[in-house]
Each structure stands twice: as C-alpha cells, then as structure tokens.
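# Structural overview for review
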Amino acid sequence: MNLTPDSKVLVQGITQPLASYHAARMKAYGTNLVAGVSAGQGGQELHGIPVFDLVEEARHQRGPFDATIIFVESYWVLDAALEAIEAGIPQIILVTGGIPPLDMVRLLRKAQITETLIVGPSSSGIIVPGKVLLGTQESNFYSPGSIGLISRAGTLTYEVALALTQAELGQSIGVNLGTDAIVGSSFHQWLRVLATDENTQAIVLVDQTGGGSEEETAQYIAKAIDKPVVAYVAGCHTPVDKQVGNASAIIAAQLSGPVTNASTAQHKVAAFKQAKVPVAERPSQIPDLVRKALKK
Amino acid sequence: MDLLEYQAKELFREIGIPVLPSQQIDHPRDLKRLKIPYPVVLKSQVPTGGRGKAGGIRFVENTIDAIAAARAIFNLPILGRYPQVLLAESRYDAEKEFFLAVILDYALGRPVLLGSSQGGIHVEAVIEHMQRVVVEQEFSPFYARRLALKMGLHGNLIESVSGILQKMYQLFVQKDLDLVEINPLAISSTGEVMALDGKITANDNALGRHSELATLVSTSADGNNNQQRVKSQLTELNWTDTEGNIGILCNGTCLAATTLDLIYQAKGKPASCLIVDGYASWDLQSVSSPVQQLQSALQQITEAKDIKVVLVNILSSAAASQEVAEVIANYLLSKVEKTPVLSAADQAERLTGVTSPSHREQSSGIGTLHRQSASVTEFPQFVIRVVGGEIDSTKERLAAIPVHWMDNLDKAVAKTISIAKSAVK
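Remember, predicted model here, so these are calculated numbers, not experimental data.

This part takes up the overall build of chain A. The helix and strand tally for chain A stands at 10 helices and 14 strands. Expected size for 296 residues packed as a compact globule is a radius of gyration near 19 Å; at 19 Å, chain A falls within 12% of this value. Dimensions of chain A, computed from C-alpha atoms along their principal axes, come out at roughly 55 × 50 × 30 Å. Sorting the 296 residues of chain A into buried and exposed places 59% on the buried side. Long-range pairs, those at least 24 residues apart, make up 72% of the contacts in chain A between residues at least 6 apart in sequence. Total accessible area on chain A is roughly 11600 Å²; 47% of this is exposed by carbon and sulfur atoms. If you average the places of the 22 positive and of the 26 negative side-chain charges in chain A, the two averages end up 8 Å apart.

Following this line, the structure appears as structure tokens:
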C-alpha cells in the first residue's frame, strides 16, 4: 500500500452522477484527484478535474497515477480495470458491485500477474483519516489514529469506526474489501500490509457470514502478525447464502438433497478464537478488546 | 438461477455435447404425437434434485402407459414443486456412468473442474470418488485431461471425457454460468459418451447480458425464479425463527445482521428485518431512491401484524440522518392525521404534549395513538437510531408520538427490548 495526500488519483466513469458526487467529496477531503475518464466526455472539467476519453490519454497529461477508483456500470468494470492495468496503475478500487463473477475471475488472474492491488467490487474504498479518501466512505465516523480497520462488511464498518472514534482510538486506515462474493484483495493481503505499516499499532477485522477463508486468515494472524488483532463477525443468527463457498462442498450438499442453511459466522468466530484472536460480541466491545490487546 | 433439465440439454445440444433425442411434453395428450420410438423415459422437469427417488422418472413401453405415467408425474410434487413440463427421452444403455461438473469456486475465486468415476444417483459413491482440478490460469484442454487422468480413465476415454469437459467449460464462460453439471454422463459398451441428465445454474448478476437465458427462464413458468429475478430494491434479511414482535430496519445487510444479533443476545425476538440500500447517497437522490425505499419499508413494517416495536438503525452522513428523521416523521404524522377516529380532544392532547415533555411520554402520546389505532391496526412504537445531523426540530414535530431517539446502538437495543417485553405482558 502506498497512499499519501500526494498520491495521484484517477476516477474512471467520473461523469456518472454517483462518481461525480463522490469525486467532489474526495477532493474536498484532500485527495489529490488529478483526472477523470469518461468515454465521449473528454475535454470537459468537473469540479476542476480534467476529464479524458481514455486512461492512457489521462496518463500522458496528468499521470502516472498511484490509484484509480472505478464507478462504471457493472458490465464495464472488467474493461475499465484492464485499461487501468494496461496504463500501469498499481492500485484499483472497484466501487461498482454486482459484477459477473467470471469477469472477476479474469480480472484477478490478470492482476495476479501484474501484481496489481484490487479492492472490491462493492467496496466503499479506503480512507486514511484526516488525509486521503479513495471511494465513497462516510468520513465523519473516522478520526486519525493508529488502529487499522479492515472490513468485509458495508455500513457495519461505520458502526465499528464510530465505536473506535468515540473511545478515542483513532484509525490509521479504513479499508473496505467489498461485499461481492468474489473480491480482489483479502484480509490476508491487508494484514500483511498493515503488519509492516508504521502508523498502525493494532488491527481490527470486521467480517460477516458467508465466504470462507477464515481458517487461512486466522492461521496467518497466529503465525505472522505481531501486532494485536481483534475481530468481529456479524450474522450469528442469519444463515449464509448457499451459493457462496467451496465448490466441492456445494456439490456434495446439492447431491445429498436440499441444502440446509448453516451460518458460517459461528464457524468464523471459532476459527479466530482457536488462533487466539480476541473476538468481540458486539461492536461496542471492540475498543475494550483493542485496549486490552495493546497493553499486553 | 437454475435451468430445468430440458433447457440445459438445449444448451448442451447447441454447444455439441451429445444428448438423446427428446421431446418436451406440456400435457399428457402430447404423448399421442410422440416422435421418438418406445421405450422412452418420462422425466419431471422441476428445479430440485432427488426426482428419481421421489418417483418423478418413469420408464414406459407404449402410449397408454406413457399417458398414465405422465398424468401421475404432473400430479406429483417434488419438494413442493409441481412440474409444468415433462421431458420424454429415448432410453439408453449405459455401461458406465460418470459425474462431471464445472463450477465457480467462490472461496478460491476460480472455476473448478469436478469429476467422479462413479456417477449416477448413489450420492455417497459419487462424492467418495470425486476428483478436482482448479483452473488457475486461462483454460486450456490440459486442465480437462488432468481431471480425466485423476478420475482414473484410460485410452480413448481420456479424449472423449475431456472433450466433453472442454465443451462444458466453453458453455460455462460463454453464458456466465455458476455451474454446469452432467450426471450421469453415460459411456456405452462401444465407448460412446452421452449426457443423460444435466444441470445449469446461471449467474443472476450476468443475466442482463444474456437475454437468451433470461427468456428461457421467463418461459419456464417457474414462479419462484421469476420472483427472484425481479427482486425489488428492498431486501429482507432471512433467518429461521421469525416468531417475534420486533421489526428491524437498517441500511445495509451486515448492519442488519449485527442489529439482529444484538437483539437476540438481549433475548429479544425479531419478526422482520428490512434493508434499504446501504450505499445509496441520501443527499444524491437522482441516483437512487433511499427515500422511497425507506417509505415503503416503513409501510411494510408498520403493517406487519405482530410487530410492537420497530428499531430503525441507519448509519450514514449527518445529512442522511436528517433526511431519515424527516422521512420517518412525515410517515408517522401522515399515519396519525389520516386516522379518522382521531377526535378533537385527542388533537388538543397531542398539542399540549409538545409543550410539556414530561407529561407527553407517559400519557398523551402513547395513549392517543393507542386509542386511535385500536380501530385501525395496532401501531408499533419506534426506536430510531441515527448519528449526527440537526434533528431537534424533527424530534419536536414528533413529540406526541411514541418515538424514542437514540444515537447509541446498545442503548437503542436495550430500549427496543424493554418496549417489546412490556408489550408481551
């Protein structure tokens, strides 16, 4: 991760209403938003940001970029992201959600080769409180500090940020991994980033039911992360969507008859506890657990 | 979205996967015009497994038997679903049966090839012999051959089975599928391969760019699927036990899940949980309509029979909090004003309630509302949790209505529980 107020940022699909709205907010927050791309709209200016038809055009005049935020419609996200990778942009945030999963598969294969960091889809982005905002996060819940917040949840992230802020535990960064079934960067990747980030003293993970890499995440924390980590998992009472998960398990379940819904939230909690990662029962308990973990 | 067997086979035929001659039967009398020679198999077209065991597959030798069998199958529900269509298909003598599938593994973020040398209806055997190959990079036929070898195949079968897998993969990518499954893939004594049963799950997010699949589903007369496809923006959180008296309204599924967890932890019983779009920007109404969503959610939740208290938990910007407060206030006030039984005396009481806060909560407000609502429907109380925003004037407007404003989630949950419990007594 390499994000400072000087980082040069691009917005793809900038003339869409949602993008335009958030571009203005990001700029107001202090993000160095230097260009936008919107095919057919090149040549105009939006909130003082020059708009180009192509990423490579924007790059020639305003680049190179450190990150891009993609707001284009879901069926165009793959194309926009490939265009960004081609232009050598190392960090891509996908705000758009509901992207066809096979498009994500193609994108992730490509990103793996080029070592491009993908955040999202369905991500509200990244915030470094008081400094940079990349995406649609509501900045009012955050305050500057030294807690790294990584979340696989949507608005619940704000609940946790608010609890930390009210307990005077400011945040070094807030990363929203996105809520689509297949997302780019994982807890694992961001844990590795924050483990060596000198502004981060402790890490809070916010997860929800569904998906399934919790064992890997928990083991990785136990093995490789020296900083205190606290987890919270929502959805102990809501069953998981049967489609999400491991292929063999799905097939086995379908073959053996009707799929019985089982929540994986409890499973995640168990995996974290087994790796001796403190798990909060409710958002308001997170600050206490963080303080306790920091004292050790 | 699951396709029915005959729809899946249509796609198999197009891509060149061998399937038997077959005919779609919409009514038992269609069997009089059957074009395929007896003996045939009649198969119930329902989007669930376990058809064979349930009696949804019958072998018939002549027209009379076929019509009787078709009548029986049309009247046989399988896991609660009646078929709209049957498939009449030639019989096939298989020497061996395999299981093959291409499926998207969401945990890995990659497609996976699955194969079992023991296909058919004996589930345990299928699973026991299941082999797996992850398609890490761009697909190439060697992935399919790798699976064929793992399945223990030799000689010509390696080419013929991996050839089928390649076509399955092609279909998978071409149509944006979540799953393509053939079970069983029959192998005849001469080594010929034939897809005897097939299953295809299309990805809902990608349906918009596959009009041919969308049309298939809309004509399949499967009510449930259609409902899922035209899902309104208002989503509902599903869980098992919904026999409660608390309604929950949140922006965002995960926030709703947390709120539900907290209610359960405090021994409350939620009845319904509605979600308005979490990413919607409240002060950017041209893009989405969180206001309309919230309005319809309020209506739905106040009309639900057993709900005594509604917990609204909406976390967004300060401007959004103001908007949420306004929408709720307008909704509640419109409900109160519309109520015909509201007498002049009640009106006066409400007005005094505004000016004397201590008096208001215990008597006039709640009392008024209960009295008037008795003849319409029991109107639930509201606990509203929003953070920030200038909402004092809105609170004033609602002073006569039993609404509790909280900015702390734990306290909002505690208040909700205490109201829910007192309602039970």
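Bringing the nonpolar core into the picture now. Counting 75 residues, the largest nonpolar core has A:Leu191 and A:Leu205 as the members making the most contacts within it. In contact with A:Leu191, not counting residues within four places along its chain, are A:Ile150, A:Ile203, A:Leu205, A:Thr217, A:Tyr220, A:Ile221, A:Ile225 and A:Val229. Counting residues in hydrophobic clusters, the runner-up holds 71 residues, among them A:Leu10, A:Ile118, B:Val133 and B:Leu171.

In this section: the side chain of B:Ser162. Residue and element names in this part refer to chain B. Assignment of secondary structure puts serine 162 in helix α6 (residues 155-174). Accessibility expressed as a relative area gives 0% for serine 162, which makes it buried. Separated by 3.3 Å, the side chain of serine 162 and the backbone oxygen of glutamate 159 make a polar contact. Those residues within four positions of serine 162 in sequence are excluded, and the remaining contacts are Ala144, Arg145 and Leu157.

With that out of the way, let us pick up the packing of aromatic side chains. All names here are of chain B. As enumerated under the stated definition, the model contains five aromatic pairs over all chains in all. A ring pair is formed by phenylalanine 142 and tyrosine 143, whose centres lie 4.3 Å apart and whose planes are at 25 degrees; its orientation type is stacked. For phenylalanine 142, a relative accessible area of 35% puts it in the partly exposed group. Judged by relative accessible area, which is 5%, tyrosine 143 ranks as buried. Ring plane angle 40 degrees and centroid distance 5.7 Å describe the contact between tyrosine 169 and phenylalanine 172, whose orientation is recorded as tilted. With tyrosine 169 and phenylalanine 172 both in helix α6 and three residues apart, the pair spans about one turn of that helix.

Evaluated as defined, the whole model comprises 17 salt bridges over all chains. A:Asp207 is paired through a salt bridge with A:Lys268; the nearest N and O atoms lie 3.0 Å apart. Highlighted residues: A:Asp207 in strand β12 (residues 202-208) and A:Lys268 in helix α9 (residues 265-274), separated in sequence by 61 residues. Using a relative accessible area of 2% as the deciding quantity, one classes A:Lys268 as buried. Salt bridges linked by common partners bring B:Glu5, B:Lys9, B:Lys43, B:Arg51, B:Glu89 and B:Asp197 together as one network.

Bringing the layout of surface pockets into the picture now. Residue and element names in this part refer to chain A. Taken as a whole, the second largest pocket holds about 1000 Å³ of empty space. Taken together, 41 residues line the second largest pocket, and the ones lying closest to its centre are Val183, Gly184, Ser185, Ser186 and Gln189. Only α4 (101-114), β7 (117-119), α6 (187-195), α7 (214-224) and α9 provide two or more residues apiece to the lining of the second largest pocket. For the lining of the second largest pocket, the element with the highest residue contribution is α6, accounting for six residues. Here the lining of the second largest pocket is built from residues that sort into 17 nonpolar, 15 polar and nine charged.

On to the pairing of strand β5 (residues 67-70) of chain A. All names here are of chain A. Neither face of β5 is left uncovered, since the one carrying Ala67 and Ile69 and the one carrying Thr68 and Ile70 both have all their residues buried. As defined by bridge partners, β5 adjoins strand β6 (residues 91-94) across four bridges and the pair is classed as parallel. From the neighbouring strand, isoleucine 70 faces β6, where its bridge partner is leucine 94. For the handedness criterion, the β-α-β arrangement of β5, helix α3 (residues 77-86) and β6 is classed as right-handed.

All right, on to unusual backbone geometry then. The omega angle of the peptide bond from A:Gly63 to A:Pro64 is -5 degrees, so this bond is cis rather than trans. Topologically, A:Pro64 is positioned in the loop between α2 (55-62) and β5. With omega at 5 degrees, the peptide bond leading from B:Asn183 into B:Pro184 counts as cis. Position of B:Pro184 among the secondary structure elements: in strand β8 (residues 177-187). At A:Lys276, a residue that is not glycine, the phi angle is positive and equals roughly 60 degrees. Of note, B:Asp176 is a non-glycine position whose phi angle comes to about 55 degrees, a positive value. Following the sequence through the fold, B:Asp176 ends up in the loop between α6 and β8. Overall, the relative accessible area of 6% leaves B:Asp176 in the buried class.

On to the sheet that holds strand β15 (residues 381-386) of chain B, then. Residue and element names in this part refer to chain B. Taken in spatial order, the six strands make up an open sheet running β11-β13-β12-β14-β15-β16, and their pairing is mixed. Unpaired on one side and paired on the other, β11 (235-236) and β16 (403-406) mark the two borders of the sheet. Judged from the six bridges that link them, strand β12 (residues 246-251) and strand β13 (residues 270-276) form a sheet pairing that is parallel. Its bridge partner being in β13, cysteine 250 is matched across the sheet by isoleucine 275. Against the sheet, helix α9 (residues 253-265) makes contact with β12, β13 and β14 (309-314), and its axis sits at roughly 150 degrees relative to β12, the strand it touches most.

A few words now on the interface of chain A and chain B. Listed per partner, the contact involves 59 residues of chain A and 69 residues of chain B. Between chain A and chain B lies a buried interface of about 4900 Å² when both sides are counted; carbon and sulfur atoms form 60% of it. The salt bridge involving B:Arg385 is made with A:Glu159; its shortest N-O contact spans 2.7 Å. At the junction of chain A and chain B, the tally comes to 17 residue pairs in polar contact (both at pLDDT 80 or more). Breaking the side of chain A that touches chain B down by element, the ones donating at least two residues are α1 (17-29), α4, α5 (156-166), β13 (229-234) and α8 (247-255) of chain A. Split by residue class, the side of chain A that touches chain B holds 31 nonpolar, 22 polar and six charged.

Quick notes on the rules
- Residues numbered from 1 in each chain as written.
- Chains lettered and ligands numbered in written order.
- Predicted model: local features only at pLDDT ≥ 70, side-chain atom pairs only at ≥ 80, totals over all residues.
- Heavy atoms only, no water.
- Helix = DSSP H or I, 4+ residues; strand = E, 2+ residues; numbered from the N terminus.
- Rg over C-alpha atoms; globule rule 2.2 N^0.38 Å.
- Buried < 20%, exposed > 50% of the residue type's maximum accessible area, 1.4 Å probe, protein only.
- Contact = heavy atoms within 4.5 Å.
- Areas by Shrake-Rupley, 256 points an atom, 1.4 Å probe, with all protein chains shown as cover.
- Lys, Arg positive; Asp, Glu negative; His and termini not counted.
- Charge placed at Lys NZ, Arg CZ, Asp CG, Glu CD.
- Core = buried A, V, L, I, M, F, W, Y, C linked by side-chain atoms within 4.5 Å.
- Polar contact = N/O pair within 3.5 Å; in protein donor to acceptor, adjacent residues only side chain to side chain.
- Phe/Tyr/Trp six-rings, centres within 6.5 Å; stacked < 30°, edge-to-face > 60°.
- Salt bridge = Lys/Arg side-chain N within 4 Å of Asp/Glu carboxyl O.
- 1 Å grid on protein atoms, 1.4 Å probe; cavity = no way out; pocket = protein on both sides within 12 Å on 5 of 7 lines; lining within 4 Å.
- Points joined across faces, edges and corners; volume = space filled by probe spheres on them.
- Nonpolar A, V, L, I, M, F, W, Y, C, P; charged D, E, K, R; others polar.
- Pairing = 2+ DSSP bridges.
- Right-handed = clockwise from strand over helix to strand, strands pointing away.
- Axes fitted to C-alpha atoms, helices over the stretch in contact; angles between N-to-C directions.
- Buried area = accessible area lost by both parts, 1.4 Å probe.

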